[in-house]
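# Results of the structural survey
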Number of protein chains: 2
Amino acid sequence: MYYRYLKQLESEHVHFISSTKLAELAGLTASQVRQDMSAFGGEGRQGSGYPISELRKHLERLLGIDKQHAMIIIGAGNLGCALAHYHPFHQKRFSTLEIFDNDPSKIGTTIGSFTIKSTDALEAFLSQRHVDIAVLTLPATHAQQIAERVYNSGVRAFWNFAPVDLKLPQDASIVSVHLDESLEMLSYYMLNKDG
Amino acid sequence: MYYRYLKQLESEHVHFISSTKLAELAGLTASQVRQDMSAFGGEGRQGSGYPISELRKHLERLLGIDKQHAMIIIGAGNLGCALAHYHPFHQKRFSTLEIFDNDPSKIGTTIGSFTIKSTDALEAFLSQRHVDIAVLTLPATHAQQIAERVYNSGVRAFWNFAPVDLKLPQDASIVSVHLDESLEMLSYYMLNKDG
């Protein structure tokens, strides 16, 4: 959250920010902000506040996004293809190597600069290339099995869009984005505002 | 979360579930589950447990997803187009009416069954059609301004994919999906597992 605000301020060419102002933006108290900033290794300057770009770089190191991450996308549906061409702020730090699918009618077809590979070729690919993150944009029914195969080939991080809770050994990092659930939550909020 | 488990069990043709089993799936205690189920209006049966499809319907009413929701998508980038053709479980309950964009090179082109409309036409469209949810898949720089215009035209629910916190009056319901941040979070988890 801090990181989002800092990037926004930087894009507005703001160079310094006080803990009071940052607290206001984030909806926190100034003392909470000072405590967090000090935990992040950020140092405020008397009178001018925190140097924004320095603080951003601290946070990037802390988040590990100062490093390159190689990704593969498994599931060449609409969402998988969108993510392959999605340009987040850190586009260069998270680069997609390949897209895989198990649908014979998709394998070999091109999506932008990618030629869709068969999931049968996953193990061979992972034995040759280092992959940090597997992005799972496939149906719930296949997600667990594919995740296990990818895990067994050495990948330890999973960005999961399948509507299922993956069960993997402790050393795997998993972040799930449940789009269905977020839409259901919105529906629930709407209903309760109406009522 | 319960809803996800219930749908999964239903698809596996399971008809009843005990609070103990549901607690196991959800990583909760059986008494928590019984409390939640009773709050949802679900009634367990001695010996057989909760009737799954009945419980699912209860939850659907509670979440408001037993009703139709008309959506518009604003921002015809990769993500916007993917969401227009995304088929969540409740596809029929959340239907996309139109996709809007402000890029002249996109306006008038077709994406699947949609012809992209100009954002200039938003107010005219919203004065004629009832729209429940605006899906914002546009850059952070435009999101707030467009959200305000859509709000002023009567839309009260926002599914926001722009990396920005929308500021709208209290009667607006907002659910944000910050894809950048979820990827940054994954990067952070990876780093801390390594360390």
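As a reminder, the structure under discussion sits directly above these lines.
These numbers were taken from a predicted model, which means no experiment stands behind them.

### Quick look at the overall build of chain A
Each helix and strand in chain A was counted, giving 8 helices and 10 strands. Computed over C-alpha atoms, the radius of gyration of chain A comes to 21 Å, more than 25% over the 16 Å expected from 2.2 N^0.38 for 195 residues, which places it beyond the range of a compact globule. Structurally, chain A occupies a C-alpha span of about 65 × 50 × 35 Å along its principal axes. Here chain A, with 195 residues, has 48% of them falling under the buried criterion. Taken as a whole, chain A presents about 9600 Å² of accessible surface, with 51% of it coming from carbon and sulfur. When the 18 basic and 21 acidic side-chain charges of chain A are each reduced to a single mean position, those positions are 7 Å apart.

### Describing the nonpolar core
Formed by 82 residues in total, the largest nonpolar core has its most connected members in Ile133(A), Trp159(A), Ile133(B) and Trp159(B). Setting aside chain neighbours within four positions, we find Trp159(B) in contact with Leu179(A), Ser182(A), Leu183(A), Leu186(A), Leu83(B), Ile133(B), Ala134(B), Val135(B), Leu136(B), Val175(B) and Val177(B).

### Focus: the sheet that holds strand β4 (residues 94-101) of chain A
Sheets are built from strands paired through backbone hydrogen bonds, the pairs being either parallel or antiparallel. Residues and elements named next belong to chain A. If you trace the 6 strands from one edge of the open sheet to the other, you get β7-β4-β3-β8-β9-β10, paired in parallel fashion. Two strands bound the open sheet, and with one partner strand each, they are β7 (117-118) and β10 (173-176). Of the strands in this sheet, β3 (69-74), β8 (133-136) and β9 (157-160) touch helix α7 (residues 140-152), which is tilted by about 170° from β8.

### Some thoughts on the environment of Val150(A)
Residues and elements named next belong to chain A. Counting through the fold element by element, Val 150 comes out in helix α7. Linking Val 150 and Leu 122, residues 28 residues apart in sequence, is a C-alpha distance of 7.4 Å. Residues in contact with Val 150, not counting those within four places in the same chain, are Ile 74, Leu 122, Leu 126, Ala 134, Val 155 and Phe 158.

### Structural notes on the state of the cysteines
In the structure shown here, the tally under the stated rule is 0 disulfides over all chains. Considering cysteine sulfurs only, Cys81(B) is the nearest to Cys81(A), which forms no disulfide, with 12 Å between them. For Cys81(A), a relative accessible area of 12% translates into the label buried.

### A look at the relation of the copies chain A and chain B
The two copies are related by a screw operation: chain A maps onto chain B through 180° of rotation and 0.0 Å of translation along the axis, at an RMSD of 0.1 Å. Overall, the copies show the geometry of a two-fold rotation axis. Within chain A, Ala82(A) has its C-alpha nearest the rotation axis, a separation of 3.1 Å. Both copies contact each other with a shared surface, as 100% of the interface residues of chain A are interface residues in chain B too.

### Quick look at the sheet that holds strand β10 (residues 173-176) of chain B
All names here are of chain B. Ordered in space as β7-β4-β3-β8-β9-β10, the 6 strands form an open sheet in which the pairing is parallel. Because the sheet does not close on itself, it has two edges, and the strands there are β7 (117-118) and β10. Alignment of strand β8 (residues 133-136) against strand β9 (residues 157-160), held across 4 bridges, turns out to be parallel. When the bridges of β9 are listed, Leu 136 appears paired with Asn 160. Packed onto the sheet, helix α7 (residues 140-152) meets β3 (69-74), β8 and β9 and runs at close to 170° relative to β8.

### Some remarks on the interface of chain A and chain B
Taken together, the contact pairs 55 residues of chain A with 55 residues of chain B. Interface of chain A and chain B: buried area, both sides summed, is about 4600 Å²; carbon and sulfur atoms make up 62% of it. Interface area lost by chain A to chain B is led by Arg4(A), Leu183(A) and Glu184(A), which between them contribute 14%. Connecting chain A to chain B are 4 residue pairs in polar contact (both at pLDDT 80 or more). Tallying contributions element by element places helix α8 (residues 179-194) of chain A first for the side of chain A that touches chain B, with 14 residues. In terms of residue class, the side of chain A that touches chain B is made up of 33 nonpolar, 11 polar and 11 charged.

How each quantity is defined
Residues numbered from 1 in each chain as written. Chains lettered and ligands numbered in written order. Predicted model: local features only at pLDDT ≥ 70, side-chain atom pairs only at ≥ 80, totals over all residues. Heavy atoms only, no water. Helix = DSSP H or I, 4+ residues; strand = E, 2+ residues; numbered from the N terminus. Rg over C-alpha atoms; globule rule 2.2 N^0.38 Å. Buried < 20%, exposed > 50% of the residue type's maximum accessible area, 1.4 Å probe, protein only. Areas by Shrake-Rupley, 256 points an atom, 1.4 Å probe, with all protein chains shown as cover. Lys, Arg positive; Asp, Glu negative; His and termini not counted. Charge placed at Lys NZ, Arg CZ, Asp CG, Glu CD. Core = buried A, V, L, I, M, F, W, Y, C linked by side-chain atoms within 4.5 Å. Contact = heavy atoms within 4.5 Å. Pairing = 2+ DSSP bridges. Axes fitted to C-alpha atoms, helices over the stretch in contact; angles between N-to-C directions. Disulfide = S-S within 2.5 Å. Least-squares fit on C-alpha atoms with pLDDT ≥ 70 in both. Buried area = accessible area lost by both parts, 1.4 Å probe. Polar contact = N/O pair within 3.5 Å; in protein donor to acceptor, adjacent residues only side chain to side chain. Nonpolar A, V, L, I, M, F, W, Y, C, P; charged D, E, K, R; others polar.

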